[in-house]
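Coordinates in review
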Amino acid sequence: MSSSLSVFLLDPLATRALVGSGDEELLRRLTEHFGRDLAESDDWFSHEIGNGAPTAADALRAVVHGGPYAEERDYAFQYGYAYMRLCRSTGRFLNNSNFSPFRGAWLDAVDEGLKALGVTEVSVAEFGYGFGLPAGVPRGYDYPGGGEWTNRACLAALAQFEQAEREGRAPELEPDVADAVSDVIGWLRQVEQRPGFGVIGFVS
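Now for a look at the structure at hand. Everything numeric in this text was worked out from a predicted model, so none of it was measured. (Residues numbered from 1 in each chain as written. Predicted model: local features only at pLDDT ≥ 70, side-chain atom pairs only at ≥ 80, totals over all residues. Heavy atoms only, no water.)

Okay, the pairing of strand β4 (residues 198–203) next. Extensive coverage of β4 is indicated by the burial of six of its six residues. Burial along β4 is two-sided: G198, I200 and F202 facing one way and V199, G201 and V203 facing the other are all buried. The pairing of strand β1 (residues 5–10) with β4 spans six bridges and is antiparallel. Within β4, the residue paired with V7 across the bridge is G201. (Buried < 20%, exposed > 50% of the residue type's maximum accessible area, 1.4 Å probe, protein only. Helix = DSSP H or I, 4+ residues; strand = E, 2+ residues; numbered from the N terminus. Pairing = 2+ DSSP bridges.)

So, in structure tokens, the structure goes:
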């Protein structure tokens, strides 16, 4: 089975503050913007919804209002997708052409490429762990995974890369890994241009 990494440029603190905000106007805009997507999601997860999982719209409402959430962890994936939609609506989608789709341990391979270039402050594999979801948003057992790179971490990672370039520590990487690493450096350069911004990513 293949997976996909989606990454967004945004202000992580401001984005997290939307969770539990109770902002009905935000919820209305999200519901309208993702109308077709919500319906397609409900069709895809119709079996789970039939067994008690919240609909995509109900999950979105719960995230914006900070609950109530379903008690069954089996259904928590819907809240992860709801937070992902919130990030999609407020952030800038970053190029993920070398991360969608991917199979197996591809994210770990890219991390090894980053480390070979001296970049240790960020990890693309962390986007699959689910630790980037805001406090209070239930975590599912698997998809979607979520992770967050702070502004500080992004700038530190970019500084590591640039130092390695200056010192000539740029080993030859496999072409596909090199292309993916180039994408990551591109994300970091966009963060550099937006004070306070970072990256939030999801594996689904």
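Under the criterion given, the structure shown has zero disulfides. As a non-bridged cysteine, C87 has C154 as the owner of its nearest cysteine sulfur, 14 Å distant. C87 gets classed as buried once you look at its relative accessible area, which sits at 0%. For C154, a relative accessible area of 0% translates into the label buried. (Disulfide = S-S within 2.5 Å.)

Moving on, we get to unusual backbone geometry. In this structure, P68 follows G67 across a cis peptide bond, with omega equal to -5°. Mapping P68 onto the fold places it in the loop between α5 (56–65) and α6 (77–90). At the junction of S100 and P101, the peptide bond is cis and its omega measures out at -5° in the coordinates. Tracing the chain through its elements places P101 in the loop between β2 (92–94) and α7 (106–116).

Quick look at the environment of W44 now. In this structure, W44 sits in helix α3 (residues 35–44). The exposed category is assigned to W44, whose relative accessible area is 69%. The sequence separation of W44 and Y79 amounts to 35 residues, and the corresponding C-alpha distance is 15 Å.

A few words on the packing of aromatic side chains. On inspection of all chains with the given rule, the structure shows ten aromatic pairs. Measuring from centroid to centroid gives 4.8 Å for F45 and F77, while their planes differ by 50°, and the two rings are tilted. One end of the pair, F45, is in the loop between α3 and α4 (46–50); the other, F77, is in helix α6, with 32 residues separating them in the sequence. Grouping residues by exposure puts F45 and F77 together as buried. Here W149 and W187 contribute two aromatic rings whose centre-to-centre distance is 6.1 Å and whose plane-to-plane angle is 45°, an arrangement assigned as tilted. Of this pair, W149 sits in strand β3 (residues 145–149) while W187 sits in helix α9 (residues 175–192), and the two are 38 residues apart along the sequence. For the pair shown, W149 and W187 are each scored as buried. Following the ring pairs from residue to residue traces out a cluster consisting of F8, Y83, F93 and F202. The positively charged end of R194 is found above the aromatic ring belonging to F197, 4.1 Å away from the centroid. (Phe/Tyr/Trp six-rings, centres within 6.5 Å; stacked < 30°, edge-to-face > 60°. Lys NZ or Arg CZ within 6 Å of the ring centre and 35° of its normal.)

With that out of the way, let us pick up the packing of α7 against α9. Relative orientation of the contacting elements α7 and α9 amounts to 75°, with a least axis distance of 9 Å. Overall, the two elements α7 and α9 adopt an arrangement that is roughly perpendicular. Between α7 and α9, the residues in contact are W106, A109, V110, G113 and L114 and D176, V177, A180, V181 and V184, respectively. Its residues placed into classes, the contact of α7 with α9 shows eight nonpolar, one polar and one charged. (Axes fitted to C-alpha atoms, helices over the stretch in contact; angles between N-to-C directions. Parallel < 35°, antiparallel > 145°, perpendicular 65-115°, else oblique. Contact = heavy atoms within 4.5 Å. Nonpolar A, V, L, I, M, F, W, Y, C, P; charged D, E, K, R; others polar.)

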